[in-house]
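Residues per chain, in single letters:
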Amino acid sequence: FQYGRWKRLVLRRHPDSVKWRQLAPPLLIVGLVGSAVIAVSGSWLAVVVPAGYLSISIGAGLVDLIRTGDLAALLVPPILWTMHSAWGIGFILGPPPGKH
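1. Focus on the environment of W81
Along the chain, W81 falls in helix 4 (residues 76-92). Considering only alpha carbons, one finds W81 and P25, 56 residues apart in sequence, at a separation of 9.9 Å. Residues within four places of W81 in sequence aside, it is in contact with Y53, L54, S57 and I58.

As structure tokens, then:
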């Protein structure tokens, strides 16, 4: 969470250093919130972002399990979920301009 908060400040001070991968966690959070809003309408589109992210993260864990044979790889998905959501929320709620 704190890394995301302060990454926002660093990118604000050095906007030329922004890389797309640094924006992925906050965009994931925006996509998940958007999915929740869309879900209220009953649209099937509400599952696109969550299903895509779950598929990719579970796939990463399975690839790691196959590659290493280590059962700890089964922990990769929940670790990614925790890390990306904390980072993204921290980035979104980062210190406002002038509050650092």
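2. Quick word on the side chain of Q22
One can find Q22 in helix 2 (residues 20-40). Take Q22: its relative accessible area is 8%, and that puts it in the buried class. Of note is the side chain of Q22, whose polar atom sits 2.8 Å from the backbone nitrogen of K19. When neighbours within four sequence positions are excluded, Q22 is seen to be in contact with K7, L11, S17 and W87.

3. Examining the packing of helix 2 against helix 4
Relative to each other, helix 2 and helix 4 sit at 90°, their axes nearing to 8 Å. Between helix 2 and helix 4, the crossing angle belongs to the class labelled roughly perpendicular. Listed contacts from helix 4 to Q22, L23, P25, P26, L28, I29 and V30 of helix 2 are H84, S85, W87, G88, I89, F91 and I92. Along the lines of polarity and charge, the residues of the contact of helix 2 with helix 4 split into 10 nonpolar, 4 polar and no charged.

4. Points about the packing of aromatic side chains
For any pair of aromatic rings, the description consists of the separation of the ring centres together with the inter-plane angle of the planes. Considering all chains together, one arrives at 2 aromatic pairs under this definition. Taking the centre distance of 5.9 Å and the plane angle of 45° together, the rings of Y3 and W87 count as tilted. Placement of the pair is Y3 in helix 1 (residues 2-13) and W87 in helix 4, with a sequence separation of 84 residues. Looking at Y3, the relative accessible area reads 52%, which means it is exposed. Ring centres of W87 and F91 lie 5.6 Å apart, and the angle between their planes is 5°; on these two criteria the pair is classed as stacked. Of this pair, W87 and F91 are both found in helix 4, 4 residues apart, which corresponds to roughly one turn of the helix.

5. A short note on helix 3 (residues 48-68)
An α-helical turn contains 3.6 residues, so any two residues separated by three or four positions project in the same direction. Helix length check: helix 3, at 21 residues, gives a terminal C-alpha distance of 30 Å against a target of 30 Å (1.5 Å per residue), a fit within 8%. When we look at burial in helix 3, the residues that qualify are Y53, S57, G61 and D64. End-on, the buried residues of helix 3 take up no more than an arc of 65°, which puts them together on one face. Among the exposed residues of helix 3, those pointing more than 90 degrees away from its buried face are V63, I66 and R67. In the core, the buried residues of helix 3 are packed alongside helix 2 and helix 4.

6. Points about the confidence of the model for the protein chain
Where the model shows low pLDDT, its predicted coordinates should not be examined in detail. Here the protein chain averages 93 in pLDDT, and 96% of its residues register 70 or above. Here helix 1 stands out as the element of the protein chain with the lowest mean pLDDT, 90, in contrast to helix 3, whose mean of 97 is the highest.

Each value, and the rule that gives it
Residues numbered from 1 in each chain as written. Predicted model: local features only at pLDDT ≥ 70, side-chain atom pairs only at ≥ 80, totals over all residues. Heavy atoms only, no water. Helix = DSSP H or I, 4+ residues; strand = E, 2+ residues; numbered from the N terminus. Contact = heavy atoms within 4.5 Å. Buried < 20%, exposed > 50% of the residue type's maximum accessible area, 1.4 Å probe, protein only. Polar contact = N/O pair within 3.5 Å; in protein donor to acceptor, adjacent residues only side chain to side chain. Axes fitted to C-alpha atoms, helices over the stretch in contact; angles between N-to-C directions. Parallel < 35°, antiparallel > 145°, perpendicular 65-115°, else oblique. Nonpolar A, V, L, I, M, F, W, Y, C, P; charged D, E, K, R; others polar. Phe/Tyr/Trp six-rings, centres within 6.5 Å; stacked < 30°, edge-to-face > 60°. Expected span 1.5 Å × (residues − 1). Arc of directions from axis to C-beta. pLDDT = per-residue confidence, 0-100.

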